[in-house]
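Residue-level structural notes
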Amino acid sequence: MFGINKKIDKAINLYDKGEFDKSLSLCLRILNADSENSSILITAGNIFYVRNDYDSAIKYYTRVLKKNPAHYSALVNMSNSCFELKRYDDALYYAARALRKDKTGKLPYIILGNSYFAKEDYPRAVFYMEKAAELDSSDPWIYNTLSQAYQKSGDYIASLSNAWKAVEKAPAEDDAQQINLGYLFYEIALEKGVEVITECVDLWYKKYGRNPLVSYMANSLFGSLQIKEADRKYVQNIFDVFAPDFDSVLAALDYQAPSLIQKMMEEIYPDSSRGKLRILDLGCGTGLCGGFLRKYAAKKSLDGVDLSAGMLAAAAGKKYYTTLVQNDIKSFLEDNNNHDGKTYDLMVAADVFTYIGELQELFENINKSLRPAGRIIFTVSENTENKNNYFLHMSGRFLHSLVYIKNILKNTCFELEFYERRKLRNEGGKAVMGYVISARKKD
Ligand SMILES: C[S@@+](CC[C@H](N)C(=O)[O-])C[C@H]1O[C@@H](n2cnc3c(N)ncnc32)[C@H](O)[C@@H]1O
């Protein structure tokens, strides 16, 4: 038999190794014998915390605080749990108590900074995050929050300088801070004009331009005419991060591409074709098109392909698709064509070609993968910036001219059936205009 101390060590050790079930059951047995054991109450609380069950975590931390109101770990973990539950005032209350107990740890400052940020009190968020940075100058996320708080306060120079520090402190293989800095450049360019950031972007490109993601984002900001498609890692990264909130954020931006495609399909396809088509959703994302496509799809004939695992996981949750494949759409179609092609009656691509400028090769492969008289229905964002066929906008998205699209369709043996100029979504308070287009494969 273990003595009680050995059991406590074992429960904590199991927790540290990530064996949460075993650790929790041992914690509960220990608590039967010693219901006020602080280390075990904290460990049990932490197990619920890592499982995102913050209410249960709080119950354990509360038991510790009843006996010892100044218990530092219980106060910090309690405030973290309250933060996760969006109980920001409670988070502030417990973090302030933790700070009274010990002013040398960074965690209470970080929770105070994050909670004030969430409450949109940006000067206080800055104040506490600066304190956290004094205690730990190696944590990129502290500088990341500082950058956001300064940006919200309207101090874009401090915001840039902290986003830059976040990039410098992050491990080389971690692109999250590079993406944040790239977005910050874009937002400042939108608000103040691109000339304000040119020098900084130049510096960024010189230092980190070998990273394909940085190179892509910097080139978008420079308005490069050389780039033909978005960097795949960039697409994957932004959509993996975006996936959990994609549907709600896009709804708030009045995102129209899926419903425009749906309306065009209703005009094209008679009711009798419902349940008969083999369909591929190119860049299916979280499956916003899947809801209406499945009504047209023959049994087990609705496939989706996307680069982002996060977006695909959200699509899988909706249970519309027969298969979901993580791949680049061009590679997917090439593979399909190497296996005989001519698989699909219909392909749709809602707001996907905005990540691919040059469309010739893609449309050749789309054509080969369609059955005779098959269709592609898609949207593109309109290029009103210049006379180019396509243009990499500083947002990192491509804009296409209608003339170019018409030429591509002609060159790749498609008949342009219908097109409409419509608002695709809002961005920065303005409508993003584009086209919804239906094209049919020629014999
Ligand atoms: C704006 S979202 C649109 C998603 C979906 N079509 C919709 O309308 O909700 C663009 C999607 O295209 C995907 N994507 C962009 N480029 C891609 C590529 N080359 N291959 C596969 N997927 C791509 C992204 O990962 C993202 O999920």
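Residues numbered from 1 in each chain as written. Predicted model: local features only at pLDDT ≥ 70, side-chain atom pairs only at ≥ 80, totals over all residues.

Right, let's talk about the overall build of the protein for a bit. Across its full length, the protein carries 21 helices and nine strands. Seen through its C-alpha atoms, the protein measures out along the principal axes to roughly 80 × 55 × 35 Å. The burial tally for the protein puts 46% of its 443 residues in the buried class. Taking all contacts inside the protein whose residues are at least 6 apart in sequence as the whole, residues at least 24 apart take part in 56%. (Helix = DSSP H or I, 4+ residues; strand = E, 2+ residues; numbered from the N terminus. Buried ≥ 20, exposed ≤ 12 C-beta atoms within 10 Å, placed from the backbone. Contact = placed C-beta atoms within 7 Å.)

Moving on: the site of the ligand. Around the ligand sit 21 residues, and of these G283, G285, L288, A350 and Y355 come closest. At the level of elements, α14 (232-242), α16 (257-268) and β2 (297-306) are the ones that each hand at least two residues to the shell around the ligand. (Near = placed C-beta within 6 Å.)

So, about the domain arrangement of the protein. Once the domains are mapped, the protein shows domain 1 (4-222) and domain 2 (238-441). Here domain 1 and domain 2 have C-alpha centroids that lie 37 Å from each other. Opposite the ten residues of domain 1 that make contact, domain 2 presents seven residues. Looking at the side of domain 1 that touches domain 2, the elements with two or more residues in it are α11 (176-192) and α13 (212-222). Here the side of domain 1 that touches domain 2 gets five residues from one element, more than from any other, and that element is α13. Considered class by class, the residues forming the side of domain 1 that touches domain 2 number eight nonpolar, two polar and no charged. (Domains from an automatic or database assignment. Nonpolar A, V, L, I, M, F, W, Y, C, P; charged D, E, K, R; others polar.)

Turning next to the sheet that holds strand β8 (residues 414-427). Read across the open sheet, the seven strands follow the order β3-β2-β1-β4-β5-β9-β8; overall the sheet is mixed. Each edge of the sheet is formed by a strand with only one pairing partner; in this case those strands are β3 (323-326) and β8. If you compare each strand with its neighbour and ignore which way they point, the axes differ by 15° on average. When β8 meets strand β9 (residues 430-441), the two strands line up antiparallel, connected through twelve bridges. Paired with R425 across the two strands is V432, which belongs to β9. Relative to the sheet, helix α20 (residues 360-369) contacts β4 (344-349), β5 (370-381), β8 and β9, its axis offset from that of β5 by approximately 145°. Contacts between helix α21 (residues 402-411) and the sheet are confined to β5, β8 and β9, with β9 contributing the most and set at about 15° to the helix. (Pairing = 2+ DSSP bridges. Axes fitted to C-alpha atoms, helices over the stretch in contact; angles between N-to-C directions.)

Below, the discussion takes up the nonpolar core. Counting 136 residues, the largest nonpolar core has M129, I261, I279, M347 and V348 as the members making the most contacts within it. Per-domain counts for this core show at least three residues from each of domain 1 (4-222) and domain 2 (238-441). The contact partners of M129, leaving out residues within four places of it in the chain, are G113, I142, T145, L146 and A149. (Core = buried A, V, L, I, M, F, W, Y, C linked by C-beta atoms within 7 Å.)

Attention shifts here to the pairing of β4. Among the six residues of β4, six are classified as buried, and the element is accordingly described as predominantly covered. In this sheet, β4 lies alongside strand β1 (residues 277-282) in parallel orientation, the contact comprising three bridges. Within β4, the position partnered with I279 by the bridge is L346. Bridge count between β4 and β5: five bridges; the pairing is parallel. Counterpart to Y344 in the pairing with β5 is L370. Since β4 and β5 lie parallel, the crossover through α20 that links them has a hand, and here it is right-handed. (Right-handed = clockwise from strand over helix to strand, strands pointing away.)

Now for the pairing of β1. By the criterion of burial, β1 is predominantly enclosed, with six of the six residues buried. Burial of the side chains of β1 extends over both faces: L277, I279 and D281 are buried on one face and R278, L280 and L282 on the other. Direction of pairing for β1 relative to β2: parallel, over a ladder of five bridges. Each bridged residue has a counterpart across the sheet, and for L277 the counterpart in β2 is A297. Following the backbone out of β1, through helix α17 (residues 290-296) and into the adjacent parallel β2, one traces a crossover that is right-handed.

Turning our eyes to something else, we now look at the environment of G304. Within the secondary structure, G304 sits in strand β2. Each C-alpha atom of the pair G304 and G283 lies 7.1 Å from the other, and the pair is 21 residues apart in sequence.

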